[in-house]
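Examining the three-dimensional arrangement
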Amino acid sequence: MIHRVLALDPGFSAAGLMVFERRETWVPIAAQAIRPVKDTKKTDARQSLQDAGVIGKIVDGVVEAVTKYGIRYVVAELPDAGAARYSTCRAISISTGWLVCLIHSMKLAHEFYTPADVKVAATGNRMATKRQVTTSVKKLYPIVGTIRYAADREHVADAAGAFLAAKNGQMLRLLEQTARGEGQVCHVPSCAGGCQGAAHG
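Residues numbered from 1 in each chain as written. Predicted model: local features only at pLDDT ≥ 70, side-chain atom pairs only at ≥ 80, totals over all residues. Heavy atoms only, no water.

The next thing to look at is the pairing of strand β2 (residues 15-22). Of all eight residues in β2, eight are buried; the element is thus mostly enclosed. Going residue by residue along β2, you find Ala 15, Leu 17, Val 19 and Glu 21 tucked away on one face and Gly 16, Met 18, Phe 20 and Arg 22 tucked away on the opposite face as well. Count of turn residues in the strand β1 (residues 4-9)/β2 antiparallel hairpin: five residues. Taken together, the eight bridges between β2 and strand β3 (residues 26-34) define a ladder with antiparallel strand orientation. Pairing of Ala 15 across the sheet is with Ile 34, part of β3. (Buried < 20%, exposed > 50% of the residue type's maximum accessible area, 1.4 Å probe, protein only. Helix = DSSP H or I, 4+ residues; strand = E, 2+ residues; numbered from the N terminus. Pairing = 2+ DSSP bridges.)

In structure tokens:
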């Protein structure tokens, strides 16, 4: 069985994703930024409709990747609390909402990581800047450098950072064991393989 993992950096106006396939090691086979074009002609009174359209296109792009690559496992950077501005809190809430709804509706096993987890995994420094994360990740995965725009590369680099953080998590370790024929992974989404296939019949 081919094991593929989708790494995600969910956003409010854009999202970054990478797909990793387990061979002798984990190999990145796809990298993409999804950034729908906003309709700047719409007025503030229609802002919620515009937001809904953008999020819908982001979700469509992620669903397309899940379907194309046969994804059953997801790792994602999920922003933690601490934002002070209303606009930032709103963006975090919407991003979290569409990600969680998508994962549960598609019944995908998953693990979430904080921005600090991503920074430490990518650079060893929890205070690293986005540029430092991107530079570090590009050295490991040159495919990130193929993303054209800097803002989009940052999203994709954060997705890669979530994957690096997940290497210390349970789900990837269990997938590696199954690849070596040493066990099996439960596909109950909320479990993410923690029961090693034994607790759900």
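So, about helix α6 (residues 170-179). Among the residues of α6, those classed as buried are Met 171, Leu 172, Leu 174, Leu 175 and Thr 178. One face of α6 carries all of its buried residues, which in axial projection span an arc of 160°. The elements touched by buried residues of α6 are β1, β3, β4 (73-77), β5 (109-113) and α5 (150-166). The positive-phi residue at the C-terminal boundary of α6 is Gly 181, with phi of around 75°. (Arc of directions from axis to C-beta. Contact = heavy atoms within 4.5 Å.)

Glancing now at the environment of Ala 157. For Ala 157, the location among the structural elements is in helix α5. Among the residues examined, Ala 157 registers a relative accessible area of 0% and is labelled buried. Taking the C-alpha atoms as reference, Ala 157 lies 10.0 Å from Ala 33; in sequence the two are 124 residues apart. Discounting residues that sit within four places of it in the chain, Ala 157 has contacts with Val 133, Thr 134, Val 137 and Val 144.

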